[in-house]
Amino acid sequence: IERLTSTKGAMMMKRTVIRGTGRYVPPRLVTNDDLSQWMDTSDEWIRQRTGIEQRYWVPEEGGVGSSDLGLEASKIALQRAGWAPEDLDLIIFATLSPDLFFPGCGCIMQHKLGLAATPALDIRQQCTGFLYGLTTADAYIRSGLANRILLVGAEVHSTGLDISTAGRDVAVIFGDGAGAVCLESLESNEPIGVLGSALHADGKFANSLMVEVGSSRLNPRISHELIDEGRHYPVMDGKAIFKLAVQKLPEVVIEVLKKAGLDLEAVDLLIPHQANLRINQFFAHSMKLPEEKVFNNIQRYGNTTAASIPIAFDEALEMNRIGDGSTVVFLGLGAGLTWGAVVARLGP
Ligand code: UT7
């Protein structure tokens, strides 16, 4: 009880504060012109429809999984937080492209960090994986179940794409990469750290963006016929997802700000999932936000799904677009269908 009360006797609240961030992308740069050598596409089409100019992919020879990219981003985040892996109470790993079908990447990366008993939880919420992970971490911290959590979003898309004209609508969008954040419990009555969260899902749209082969509903889960039909590649109803994104993202941002008791004017930077520059421009326009209030880096990384928000967050900090005292909103929509937003105030 003593620990939970301040000197003035008021109840101190447990809050989730961000202590360190990191990002990592593999060194193989793939430009739009590179892609147009392998499929019928063009730099012009990709830039106009998506804003993407380049992305990074893992080496062609393979052997690099999402846990490897996540590990590199995590090492940077841990070092910036001044933590050793042993300080962690929990690892949360968000990915749609795990190293193995099972077990999850959290376990695999935990071992690579040199740990042997720290719990590891995988999140399978695709483009909103970071938002679901951050909200889960916040719940663990507020309930006292954990004090120090490493949250990672990492993807290796390139080894699962149809790099031919048949797969061009999907293949040109995705990039590989990882982002990580260290989250810590702080007892404070100040509005600091995670201030609010709004998460949603609508499974009606599950087939609008999916990968089928390897799944339990197929018997056998994999066969030559399935492969010949190309059902091991992601399929996406791009137009439907685009329309849902421009409708749901403004709604969920208004919802999360209301929950946190904040006005849009109080927000210094909105960090959206990087699915398509045009989606984020539509979003900014419908919220009547000036361009500089919405962070975009899809031009350089493509869509890295669960990694895109933490990569953007780390880059925005590095560019001094935000810092201690800034209020940020993370938001996104993607496969599931899932969508959501989290508002946080950064602080020492
Ligand atoms: O993060 C996960 C969530 N995913 C998203 O948020 C994706 C949201 N959707 C999108 O970003 C867009 O729908 C895409 C970028 C995927 C596609 O853009 P679009 O403006 O909706 O194009 P479209 O699918 O309507 O295709 C227009 C034309 C078609 O040709 P026809 O039928 O008009 O002759 C496509 O076959 O463009 C063609 N096309 C391409 N052409 C050159 C499709 N992909 C390509 C390509 N290069 N890569």
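Our structure's up above, just so we're on the same page.
To keep things clear, this report deals only with the structure shown in the data block. (Residues numbered from 1 in each chain as written. Predicted model: local features only at pLDDT ≥ 70, side-chain atom pairs only at ≥ 80, totals over all residues. Heavy atoms only, no water.)

### Side note on the site of the ligand
Here is step 1: Within the structure, the ligand sits among 22 residues, and T41, R49, K239, N276 and N303 are positioned closest to it.
Here is step 2: At 2.6 Å from a nitrogen atom of the ligand is found a side-chain nitrogen or oxygen belonging to T41.
Here is step 3: The separation between an oxygen atom of the ligand and a polar side-chain atom of H273 is 3.0 Å.
Here is step 4: Compared with its free state, where it exposes 960 Å², the ligand has 74% of that area covered by protein.
Here is step 5: Among the secondary structure elements, those contributing two or more residues to the shell around the ligand are α2 (43-50), α6 (168-171), α8 (238-260) and α9 (277-286).
Here is step 6: Tallying contributions element by element places α8 first for the shell around the ligand, with four residues.
Here is step 7: Per-class residue counts for the shell around the ligand are ten nonpolar, six polar and six charged. (Near = heavy atom within 4 Å. Polar contact = N/O pair within 3.5 Å; in protein donor to acceptor, adjacent residues only side chain to side chain. Areas by Shrake-Rupley, 256 points an atom, 1.4 Å probe, with all protein chains shown as cover. Helix = DSSP H or I, 4+ residues; strand = E, 2+ residues; numbered from the N terminus. Nonpolar A, V, L, I, M, F, W, Y, C, P; charged D, E, K, R; others polar.)

### Some remarks on the nonpolar core
Here is step 1: With 46 residues, the main nonpolar core has V253, L257, L270, F283 and V329 as its most contacted residues.
Here is step 2: Those elements giving two or more residues to this core turn out to be α6, β8 (193-201), α8, α9, β12 (327-334) and β13 (338-345).
Here is step 3: By residue number, the principal contributor to this core is α8, which donates nine residues.
Here is step 4: Counting residues in hydrophobic clusters, the runner-up holds 31 residues, among them L90, V181, I271 and A306. (Core = buried A, V, L, I, M, F, W, Y, C linked by side-chain atoms within 4.5 Å. Buried < 20%, exposed > 50% of the residue type's maximum accessible area, 1.4 Å probe, protein only.)

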